[in-house]
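Structure assessment
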Amino acid sequence: MNESKAEYELPNVRVKGEGEITNIQHRSDRIGSNFGAYFNIIGKFQESLTDIHLQLPYSLKQGGWIGVGIMVLSAIIAIYSGHLLIRCLYYNGVNRLESYPAIGQAAFGRFGKITVQLFHYSILIGTSCIYIMLTGLNAQSMTQQLGVDLSLKLWITIAAIIAWVPFIALKTLREVAFLSIFGVLATVVVIVVTVVLGLLDLPRNMDKTHDAVVLSGLPVALASISFSFGGNVIYAHVEKSMKNPEQWTKILSLSVGTILVMYLVLGIPGYYVYGNATTSPILDNLPTGAALNVAKIMITIHVIIAAPLMMTTFANEVESMLNFDQRYPSKIREFTARLGLRTLIVICVALIAMNIPYFADFMSLIGALSNCMIVFVLPVVFYLKLYGWRSVRIWELIWCLFIIIIGFIGCVLGAKDAIEALKANFASK
C-alpha cells in the first residue's frame, strides 16, 4: 500500500490509500448536502404525528412536569446512540459497512444481522403501512363532511398511488430530502395551530391541575417520550449520501436539538392549558373550527409525504442485498428492475394497511419492541462489542449501561400497553 496517497477524515476514522478510499466510498459519490441530511433526519423524527408527537402533552400528564426533563434526556441519548451507530460503520478503519444490519453481522455474525433486520424492517414497513392507513382514514373523514362517501379501502388505494409516484421516481434519500422539507413545514404548521388554539382556550381551563411527578405514570411516560426520538433506521443511508460525513455528529445534534425544541413547544403549553384533563392526541382537547381542520389537513399531508421516506430506506437496503448496481449496469434496466420492486413494495404495504385488523395497535406492539432495541439498546451493545468494553472509559461504560436499562424499560412497558390494547379490541369484537 502506498502511504503517500491522499488521505481524508471520516467519522472517527483516518483512511489512507487508494484501495481503502474505494472501499469506504469516495467523496465524488457523496454529493448530498448537510442541509438535506438535516431535513431527512428531522423528517424521520416527524413520523406518526397523531400517535406520538401529538401525544406528548398527554405524556406530561402521565408523568408530571418531570417529563420535560425526560424529553431532554431522551434527546441526549438519541444523539449519543446515533453517533455510536455511525462509528460502528467504520469500526475496522478499512471498509465502511453498508447498513445497520451489516453492523449486527460484524458484531454477532448472522444472528446479529437477522436480529437487526427483524426489528429494522418491521419499523420501516410497519410505519409505511401506518402512514398509508392514516392518510386514507383522514381523507375519508374530511371528505365525508363534504358529502363524499368513498370506502376506506379506496382511499387507502389512492394514498398508496400518491406515495408510489415519488417512491419510484427518487432513488435514494438524497433525492427524497426535499420531501422531508415539506414534511417539516407541515409539522410546524400543526404545532403552531395547536399551540395557538390551546392558549386561546386557556381562559376556559384556569381550574385545571398539574403534577410535578406522578410516580405511577412515570415509567409509561418514559416509554412514550423515548419512542419520539427514534431515527436510527435511516441514519446509515443518510450518512452515506453526505458529501461531508465527518460532520455527521454535528448535523445529528442540530437535527435532534431542533426536534427537542419542537416537542417542548408543543408539550409544555398543551399540558399547561389542559393539565390533568389532557387527552391523546391533544387535538381532541382543542375547540373545533377551521383552524383545527387546517391542522388535520397538514397532518394528512405530512404522513403521505413521510411514507416514501420510510419505503425508500427499505428499498435501498433490498436493492443493495440484490446487488442492483452490479447486476444492472444499464440505467434503463436498473430503473426497470427498481420500478418493479418498488411497485411490489407499495402493493404489499397497501394490502397490509387494508386487511390486518387493529393494525395500529399491532404496530404499537412492534414499535415498542423494535424501536427501543433499534434506538437505545443495539447501538450501544454493538459499539461495546466492536470496540471492546475495556477500551471504554468507566464513566462512558456506566452511561452505556444506563441507556441499555432505559431501553429495556421502554420496551417492556410499551409492549405491555400495546398487548392490553389488543386484548381490549379483540374482547370487544
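Residues numbered from 1 in each chain as written. Predicted model: local features only at pLDDT ≥ 70, side-chain atom pairs only at ≥ 80, totals over all residues. Heavy atoms only, no water.

Looking up the chain in an unreviewed UniProt entry gives the name Amino acid transporter transmembrane domain-containing protein, with the organism given as Basidiobolus ranarum. Checking UniProt for the chain, the heading Sequence similarities (unreviewed entry) contains the comment "Belongs to the amino acid/polyamine transporter 2 family." The chain has a UniProt comment under Subcellular location (unreviewed entry) that states "Membrane". (UniProt positions renumbered as here; feature names shortened; annotations may be inferred.)

Helices and strands together make up the secondary structure of the chain, namely 15 helices and two strands. Burial status across the chain gives 54% buried among its 429 residues. Taking contacts inside the chain between residues at least 6 apart in sequence as the whole, the part at least 24 apart equals 82%. Surface exposure of the chain reaches about 18500 Å², of which carbon and sulfur atoms provide 67%. (Helix = DSSP H or I, 4+ residues; strand = E, 2+ residues; numbered from the N terminus. Buried < 20%, exposed > 50% of the residue type's maximum accessible area, 1.4 Å probe, protein only. Contact = heavy atoms within 4.5 Å. Areas by Shrake-Rupley, 256 points an atom, 1.4 Å probe, with all protein chains shown as cover.)

Look at helix α6 (residues 152-169) against helix α13 (residues 331-355): their axes get within 10 Å of each other, and the N-to-C directions meet at 155 degrees. When the interaxial angle is binned, α6 and α13 end up roughly antiparallel. Where α6 crosses over α13, the two elements pack in a sense that is right-handed. Residue-level inspection shows K153, I156, T157, A160, W164, F167 and I168 of α6 in contact with α13, the latter providing F335, R338, L339, R342, T343, I345, V346, A350, A353, M354 and N355. Residues of the contact of α6 with α13, tallied by class, amount to 12 nonpolar, three polar and three charged. (Axes fitted to C-alpha atoms, helices over the stretch in contact; angles between N-to-C directions. Parallel < 35°, antiparallel > 145°, perpendicular 65-115°, else oblique. Left-handed = near helix turned anticlockwise from the far one by under 90°. Nonpolar A, V, L, I, M, F, W, Y, C, P; charged D, E, K, R; others polar.)

Among the surface-exposed residues, V188, V192, V196 and L200 lie close enough to one another that they form a single nonpolar patch of about 340 Å² accessible area. Overall, the relative accessible area of 45% leaves V192 in the partly exposed class. (Patch = residues over 30% accessible without salt bridge, like charges linked within 9 Å, V, L, I, M, F, W, Y side chains within 5 Å. Salt bridge = Lys/Arg side-chain N within 4 Å of Asp/Glu carboxyl O.)

In helix packing, the relevant descriptors are the interaxial angle and the interaxial distance, both defined with respect to the helix axes. Following both chains from N to C, one finds helix α3 (residues 56-63) and helix α4 (residues 66-89) inclined at 120 degrees, their axes separated by 8 Å at the closest point. By the angle class used here, α3 and α4 are oblique. Residues L56, L60 and G63 of α3 form the contact with α4, whose participating residues are I66, G67, V68 and M71. Across the contact of α3 with α4, the residue classes tally to five nonpolar, two polar and no charged.

A word on the packing of aromatic side chains. The geometry of two aromatic rings is summed up by the distance between their centres and the angle between their planes. All chains considered together, the criterion is met by eight aromatic pairs. Cation over ring: R87 sits above Y387, and NZ or CZ is 4.6 Å from the ring centre. In this arrangement the basic side chain of K385 is found over the ring face of F108, its NZ or CZ atom lying 5.5 Å from the centre. (Phe/Tyr/Trp six-rings, centres within 6.5 Å; stacked < 30°, edge-to-face > 60°. Lys NZ or Arg CZ within 6 Å of the ring centre and 35° of its normal.)

A rise of 1.5 Å per residue sets the reference length of α13, with its 25 residues, at 36 Å; its end C-alpha atoms lie 36 Å apart and thus fit the reference within 8%. If you check which residues of α13 are buried, you get E334, A337, R338, L341, R342, I345, V346, V349, A350 and A353. Buried residues in α13 make contact with α5 (100-144), α6, α11 (290-321) and α12 (324-327). (Expected span 1.5 Å × (residues − 1).)

Time to look at the pattern of salt bridges. Within this structure, the stated rule accounts for seven salt bridges. Measuring nitrogen to oxygen at the nearest pair gives 2.7 Å for the salt bridge that ties R96 to E239. Here E239 lies in helix α9 (residues 235-241) and R96 lies in the loop between α4 and α5, a separation of 143 residues in the sequence.

Soluble globular proteins: nonpolar side chains tend toward being buried together. Counting 99 residues, the largest nonpolar core has I132, F229 and I374 as its most contacted members. Not counting residues up to four positions away in its chain, the partners in contact with I132 are I156, A159, A160, A163, I304, A307 and V349. Formed by 13 residues, the second largest nonpolar core is a distinct cluster that contains V193, L197, V273 and M298. (Core = buried A, V, L, I, M, F, W, Y, C linked by side-chain atoms within 4.5 Å.)

What follows deals with the environment of W164. Assignment of secondary structure puts W164 in helix α6. Look past the residues within four positions of W164 in its chain and what remains in contact with it is L339, T343 and V346. A distance of 2.9 Å separates a polar atom in the side chain of W164 from a polar atom in the side chain of T343. (Polar contact = N/O pair within 3.5 Å; in protein donor to acceptor, adjacent residues only side chain to side chain.)

All told, the structure shown has zero disulfides when counted by the stated rule. We note that C372 lacks a disulfide partner, and the nearest cysteine sulfur, in C411, lies 5.8 Å from it. (Disulfide = S-S within 2.5 Å.)

Mean pLDDT over the chain works out to 80, with 85% of the residues at or above the 70 mark. Per-residue pLDDT, averaged within each element of the chain, yields its smallest value for helix α1 (residues 18-24) (35) and its largest for α4 (92). Counted against residues more than four places away or in other chains, residues 1-26, with its pLDDT under 50, gives 51 contacts. (pLDDT = per-residue confidence, 0-100.)

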